[in-house]
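Commentary on secondary and tertiary structure
These are the residues of each chain, in order.
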Amino acid sequence: MALYSGFSSPVGMVYDNEGNLYVANWSGGNVTKITPKGEKSTYVDGMGSPAGLALDSQNNLYVADYSQDVIYKVNNGQKSLFARGLHTPTGLTMTKEGELLVANRSSDEIVKVSSKGEITTVANGLQTPVGVVQDSKGNLYVSNYSGGISFISADGKAKTVSETFSTPGVGIAVNSKDEVFVVDYGDGSVKQIGNDGQAVNIIENVSSPVGLMFDKEGALYVAAWGGGTIYRFA
């Protein structure tokens, strides 16, 4: 069902420990905060094209600014430069070890950013990566805008595990069972990837889905770029 609307090309979404939802508005250059009571406000602005979002254990928010090639760190609505020298950073995820992973779209890499803002390459040779997520075993899954879904093992080797997509988007998520779900921007769906690499539509007819996440209750959230709407599916 439609949960919230009125966004400007929403992409990244994340919940903090207090139940506040943050949404990156790509076209608006800002991040919206929604309280558990549904109260909306601009949490931080003055950015170029905010895309992926991630939170650390202290509720610091990290924002990938696609057009400025930087990552911002935001605390209580105040942003500071966390990492520079990226290449159209898009999707973000915080690993279980507290490390920030970034999909570097234009350099075909997944990189890791340390707590000091130092950048190292995790995997390269991808196909326009836009989203990245980690499962419980430490393996990574990457959504490639120009290709399918890549699997990256702990030793950094990447292989394609699914090509049955039109245009994979930024949104890629893993649930508590290590099942992988990805938005397909090209055909307006959310797909689940099976062990055989085949992708099955579980949600259809969404206007340009881009963002994806699970909440603590296991509900799936989809950010629709086309309609500026956040949907929730139990």
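Residues numbered from 1 in each chain as written. Predicted model: local features only at pLDDT ≥ 70, side-chain atom pairs only at ≥ 80, totals over all residues. Heavy atoms only, no water.

Attention shifts here to the overall build of the protein chain. Assigned secondary structure in the protein chain consists of zero helices and 24 strands. In terms of C-alpha radius of gyration, the protein chain reaches 16 Å, essentially the compact-globule figure of 17 Å for 234 residues. Every one of the 234 residues in the protein chain was classed for burial, and the buried ones make up 55%. Considering only contacts in the protein chain between residues 6 or more positions apart, those separated by 24 or more positions represent 36%. Accessible surface, the protein chain as shown: approximately 10200 Å² in total, 42% of it carbon and sulfur. Positive and negative side-chain charges of the protein chain, numbering 17 and 23 respectively, have mean locations separated by a distance of 4 Å. (Helix = DSSP H or I, 4+ residues; strand = E, 2+ residues; numbered from the N terminus. Rg over C-alpha atoms; globule rule 2.2 N^0.38 Å. Buried < 20%, exposed > 50% of the residue type's maximum accessible area, 1.4 Å probe, protein only. Contact = heavy atoms within 4.5 Å. Areas by Shrake-Rupley, 256 points an atom, 1.4 Å probe, with all protein chains shown as cover. Lys, Arg positive; Asp, Glu negative; His and termini not counted. Charge placed at Lys NZ, Arg CZ, Asp CG, Glu CD.)

Further remarks concern the sheet that holds strand S24 (residues 229-233). An order of S1-S24-S23-S22 is seen for the four strands of this open sheet, with the pairing classed as antiparallel. Two strands close off the open sheet at either side, each with one partner strand: strand S1 (2-4) and strand S22 (209-214). Each neighbouring strand pair of the sheet contributes to a mean axis angle of 30°, computed without reference to strand direction. Relative to S24, strand S23 (residues 220-224) is paired through five bridges, and the arrangement is antiparallel. Within S24, the residue paired with Val 222 across the bridge is Tyr 231. (Pairing = 2+ DSSP bridges. Axes fitted to C-alpha atoms, helices over the stretch in contact; angles between N-to-C directions.)

This part is about the sheet that holds strand S11 (residues 100-104). One open sheet holds the four strands; their spatial order is S10-S11-S12-S13, and the pairing between them is antiparallel. Edge positions in the open sheet fall to strand S10 (89-94) and strand S13 (119-123), since each of these has one partner strand only. If you compare each strand with its neighbour and ignore which way they point, the axes differ by 30° on average. Pairing geometry for S10 and S11, over four bridges, is antiparallel. If you follow Pro 89 over to S11, its bridge partner there is Asn 104.

This next bit is on the pairing of S22. Among the six residues in S22, five count as buried, and that is most of the element. Taken together, the five bridges between S22 and S23 define a ladder with antiparallel strand orientation. Among the inter-strand pairings, Met 213 is bridged to a residue of S23, identified as Tyr 221. Joining the antiparallel neighbours S22 and S23 is a turn of five residues, in which Gly 218 adopts a positive phi near 90°.

Right, let's talk about the pattern of salt bridges for a bit. Pairing is possible between side chains of opposite charge, provided their charged atoms come close. In this structure the tally under the stated criterion is five salt bridges. Here Glu 99 and Lys 112 are joined by a salt bridge, their closest N and O atoms 3.6 Å apart. One end of the pair, Glu 99, is in the loop between S10 and S11; the other, Lys 112, is in strand S12 (residues 109-113), and 13 residues separate them in sequence. Owing to a relative accessible area of 30%, Glu 99 belongs among the partly exposed residues under this scheme. (Salt bridge = Lys/Arg side-chain N within 4 Å of Asp/Glu carboxyl O.)

Right, let's talk about the environment of Ser 107 for a bit. Inspection of the secondary structure puts Ser 107 in the loop between S11 and S12. Residue Ser 107 is classed as partly exposed on the basis of its relative accessible area, which comes to 23%. In this structure, the C-alpha to C-alpha distance between Ser 107 and Leu 81, residues 26 residues apart in sequence, is 21 Å. Reaching out from Ser 107, the side chain makes a polar contact with the side chain of Glu 109 at a distance of 2.8 Å. (Polar contact = N/O pair within 3.5 Å; in protein donor to acceptor, adjacent residues only side chain to side chain.)

What follows covers the side chain of Asn 139. By the element assignment, Asn 139 lies in the loop between strand S14 (129-134) and strand S15 (140-144). Taking relative accessible area as the criterion, Asn 139 reaches 13% and is therefore assigned buried. Other than its neighbours up to four places away in sequence, Asn 139 contacts Val 133, Gln 134, Phe 151, Ile 152, Ser 153 and Ala 154.

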